[in-house]
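# Structural overview for review
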Amino acid sequence: VSNLSIASGYYTGTNVENGMESIPDLDVTMDTDDESTSTPDNDTHIPQTDLISNTTTLADLKHFTENGLLQAVLPSLTTPRLLALGTRMLADYAKNSERRNAVASNPRILTFCIAVMQQASKHTPQDGERAVEYAVETIRSLTATEEADEALMRAPGLLDALADLAEGRANSKSRLHACIAIMNLSCGKSNKLEIARAPKVLIAMRTVISETRRSSRGYEIESRLKAATCIKNLSNADAN
């Protein structure tokens, strides 16, 4: 957790998970709802169902995505292993400060990450747990810039999904990511009222503060600090 840093109230540090790769040349804006741009001229680039399987690698997913086929890739990630690979790739997108706004403005990515987070309690250990970690880390990275707030705040189910993870439906690393994401969102002036009116978020922050106050473990200490800072940020709005 020591590699996390604060800048203008927002956490913009690197991932707490080791071994993540950056993808500097990825253009996520290629995935759109426009039929003319979502289907490439060369049919050989379209991933068929037999190309996305449990033998698919991270490099394969990157190749498909770099060819503008993210919207075809995401629905094919149906196993814990594939979900872990796909969310890891998205976490790399979101870590790139030059790509964050493009990632946040892509509703397919947000919907996918929220769906993975919402299934946290149903995932098996290892790959399933890693998928949740990478999904919430993706959201946390997107909250590092206020420019992404509008897209994030209107994403259906996002605040509730973050609150569930913060309250303890996932491991301590995912819990920390969720607390940082909520704290970052609470920095935005236009977000304070909406977050304060989200009962699940307030209950989650209270739970984090009360349950981790006697812990000496790094993730729990950091989660408690972020939860307390979130409440402090919300109190800065007179209407709250």
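Residues numbered from 1 in each chain as written. Predicted model: local features only at pLDDT ≥ 70, side-chain atom pairs only at ≥ 80, totals over all residues. Heavy atoms only, no water.

So, on to the overall build of the protein. Broken down by element type, the protein carries 13 helices and 2 strands. Looking at the protein residue by residue over its 240 residues, the buried ones come to 50%. Relative to all contacts within the protein whose residues are 6 or more apart in sequence, the contacts with residues 24 or more apart total 73%. A total accessible area of about 11400 Å² is found for the protein, and carbon and sulfur atoms account for 48% of it. (Helix = DSSP H or I, 4+ residues; strand = E, 2+ residues; numbered from the N terminus. Buried < 20%, exposed > 50% of the residue type's maximum accessible area, 1.4 Å probe, protein only. Contact = heavy atoms within 4.5 Å. Areas by Shrake-Rupley, 256 points an atom, 1.4 Å probe, with all protein chains shown as cover.)

Before going further, it helps to examine the pattern of salt bridges. Going through the model one piece at a time under the given rule, you end up with 4 salt bridges. In this structure, K95 and D92 form a salt bridge, with 3.7 Å as the shortest nitrogen-oxygen distance. Of the two residues, K95 and D92 both sit in helix α4 (residues 80-95), 3 residues apart, roughly one turn of that helix. (Salt bridge = Lys/Arg side-chain N within 4 Å of Asp/Glu carboxyl O.)

Ranked by internal contacts, the top residues of the largest apolar core, which has 58 residues, are I139, L162 and M205. Looking at this core, the element that brings in the most residues is α4, giving 8 residues. With sequence-adjacent residues up to four places away left out, M205 is seen in contact with A166, C179, I182, A227, C230 and I231. (Core = buried A, V, L, I, M, F, W, Y, C linked by side-chain atoms within 4.5 Å.)

The next thing to look at is helix α7 (residues 127-142). Compared with the 22 Å implied by 1.5 Å per residue over 16 residues, the 23 Å span of α7 between its first and last C-alpha is a close match. Counting buried positions over the 16 residues of α7 gives 13, a clear majority of the element. (Expected span 1.5 Å × (residues − 1).)

Bringing the confidence of the model for the protein into the picture now. Averaged over every residue, the pLDDT of the protein is 79; residues scoring 70 or more account for 75%. The model gives residues 13-49 a pLDDT under 50, and that stretch makes 80 contacts with residues more than four places away or in other chains. (pLDDT = per-residue confidence, 0-100.)

Moving on to the packing of α7 against helix α10 (residues 172-187). Angle between the axes and distance between the axes: these two values describe a pair of packed helices. Interhelical geometry of α7 versus α10 gives an angle of 20° and a closest axis separation of 9 Å. Looking at the two axes, α7 sits roughly parallel to α10. Once α7 is placed against α10, the crossing between them reads as left-handed. Two secondary-structure elements touch here, α7 through V132, E133, V136, E137, I139 and R140 and α10 through K173, S174, H177, A178, I180, A181 and N184. (Axes fitted to C-alpha atoms, helices over the stretch in contact; angles between N-to-C directions. Parallel < 35°, antiparallel > 145°, perpendicular 65-115°, else oblique. Left-handed = near helix turned anticlockwise from the far one by under 90°.)

Let us look at α10. Taking 1.5 Å of rise per residue, the 16 residues of α10 would be expected to cover 22 Å, and the 23 Å separating its terminal C-alpha atoms lies within 8% of that figure. The buried fraction of α10 amounts to 14 of the 16 residues, a majority that puts the element mostly inside the structure. For α10, the side-chain oxygen to backbone nitrogen distance between the N-cap and K173 is 3.2 Å, and the N-cap itself is N171. (Polar contact = N/O pair within 3.5 Å; in protein donor to acceptor, adjacent residues only side chain to side chain.)

It is worth spelling out the packing of α10 against helix α12 (residues 199-211) at this point. It is the contact of α10 with α12, at a shortest axis distance of 12 Å, that shows an interaxial angle of 125°. By the angle between their axes, α10 is oblique relative to α12. Considering how the two elements wind past one another, α10 and α12 form a crossing that is left-handed. Residues R175, C179 and I182 of α10 form the contact with α12, whose own contacting residues are V201, M205, T207, V208 and E211. When grouped by side-chain class, the residues that make up the contact of α10 with α12 number 5 nonpolar, 1 polar and 2 charged. (Nonpolar A, V, L, I, M, F, W, Y, C, P; charged D, E, K, R; others polar.)

Mapped onto the elements, N96 comes out in the loop between α4 and α5 (100-104). C-alpha separation for the pair N96 and S141, spaced 45 residues apart in sequence, amounts to 8.7 Å.

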